[in-house]
Amino acid sequence: MSQRLFPADSDELSRDALFSILRNERRREVINYLREHEGPVDLRELSEYIAAIENDCEQSAVTYKQRKRVQTALYQMHLPKLADRNIVSYDRRAGKIELADGAMDCLPYLDAVAGKRHVRWWRWYLAAAAAATVPIGLAALGVRPFAAVPGLGYAVVVCTAFVAVSVAQAVSERGD
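The model shown is predicted, which means the values in this text are computed figures rather than measured ones. (Residues numbered from 1 in each chain as written. Predicted model: local features only at pLDDT ≥ 70, side-chain atom pairs only at ≥ 80, totals over all residues. Heavy atoms only, no water.)

Draft legend 1. Quick look at the overall build of the protein. Counting its secondary structure elements, the protein contains seven helices and three strands. Counting helices and strands in the order they occur from the N terminus, the protein gives α-α-β-α-α-β-β-α-α-α. Looking at the protein as a whole, 31% of its 176 residues are labelled buried. For the protein, contacts bridging at least 24 residues in sequence account for 54% of all contacts bridging at least 6. (Helix = DSSP H or I, 4+ residues; strand = E, 2+ residues; numbered from the N terminus. Buried < 20%, exposed > 50% of the residue type's maximum accessible area, 1.4 Å probe, protein only. Contact = heavy atoms within 4.5 Å.)

Draft legend 2. The arrangement of the pairing of strand β3 (residues 96-99) in detail. Relative to β3, strand β1 (residues 41-42) runs antiparallel, the two sharing two bridges. Bridge assignment links V41 to a residue of β3, and that residue is I97. Taking the residues that link successive antiparallel strands as the turn, the strand β2 (residues 88-91)-β3 hairpin has four residues, and the phi of G95 there is positive, at about 70 degrees. (Pairing = 2+ DSSP bridges.)

Draft legend 3. Local environment of unusual backbone geometry. A cis amide bond links R144 with the next residue in sequence, P145, at an omega value of 5 degrees. Mapped onto the fold, P145 is located in the loop between α6 (121-140) and α7 (151-175). One non-glycine residue, D56, lies in positive phi territory at about 50 degrees. Mapped onto the elements, D56 comes out in the loop between α3 (43-54) and α4 (64-84). Its identity is not glycine, yet N86 carries a phi of approximately 60 degrees, on the positive side. With respect to the element layout, N86 can be found in the loop between α4 and β2. A residue is classified by how much of its surface remains accessible, and N86, at 40% relative accessible area, is partly exposed.

Draft legend 4. Just the packing of α3 against α4, in detail. Direction vectors running N to C along α3 and α4 enclose 115 degrees, while the axes themselves pass 8 Å from each other. On the basis of the axis angle, α3 is roughly perpendicular to α4. For the pair α3 and α4, the sense of crossing is right-handed. Mapping the contact onto sequence places L43, R44, L46, S47, E48, I50, A51 and E54 in α3 and Q66, R67, V70, Q71, L74, Y75 and L79 in α4. Looking at the contact of α3 with α4 residue by residue, the class counts come to eight nonpolar, three polar and four charged. (Axes fitted to C-alpha atoms, helices over the stretch in contact; angles between N-to-C directions. Parallel < 35°, antiparallel > 145°, perpendicular 65-115°, else oblique. Left-handed = near helix turned anticlockwise from the far one by under 90°. Nonpolar A, V, L, I, M, F, W, Y, C, P; charged D, E, K, R; others polar.)

Draft legend 5. Representation of helix α2 (residues 25-36) in the model. Across its twelve residues, α2 extends 17 Å between first and last C-alpha, which sits within 8% of the 16 Å expected from 1.5 Å per residue. The complete set of buried residues in α2 reads R26, R27, E29, V30, I31, N32, Y33 and L34. Two or three places before R26, at the opening of α2, N24 has a side-chain oxygen 2.8 Å from that residue's backbone nitrogen. (Expected span 1.5 Å × (residues − 1). Polar contact = N/O pair within 3.5 Å; in protein donor to acceptor, adjacent residues only side chain to side chain.)

Draft legend 6. A look at the sheet that holds β1. In spatial order, the strands read β1-β3-β2; together these three strands make up an open sheet with antiparallel pairing. The sheet is open, and its two edges are formed by β1 and β2, each paired on a single side. Each of β2 and β3 touches α4; the most contacted strand, β2, lies at about 130 degrees to it.

Draft legend 7. Structural view of the nonpolar core. Judged by nonpolar contacts, the single largest core of 27 residues is most densely connected at V30 and I97. Looking at this core, the element that brings in the most residues is α3, giving six residues. The residues contacting I97, other than those within four sequence positions of it, are L34, G39, P40, V41, D42, L43, L46, L79, V88, S89 and Y90. (Core = buried A, V, L, I, M, F, W, Y, C linked by side-chain atoms within 4.5 Å.)

Honestly, that's just the spatial picture; any functional story needs more than this.
Structure (structure tokens):
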């Protein structure tokens, strides 16, 4: 019989609670970061690492505002939740975090998704919107040949672009 993360009447409740904890990307990244670093890590260092992931940049390029936003969320919400479940040991006063015994229950689930490429689909939708906005804007300004294309033509192109991105996302996520 497997160890339970929380005392519960059934394994189903334990699994649900574990999945609830792991559904948040920041909490998953906290666990991944801590397992790669021996001993306690500093809250600032952890916040900078997660901010770099979220902003798709190097840690050295993370701004104060980006780091502070992540640090506040970790301090107020994510780390206490992980500590309550004995997944991390968190010294609020010193700002030091390390893995606790309960983290062992999380690792098989994190390992199952490790190495899978994470696609930020919002970027693809934004690119489709930008690609549609430029010719439509030029048509509105009367620039030829864009002004010669009827509105229905642009509507078809825009809808097709968004359907294509949506289908690509659905196929990608179904394969995960």
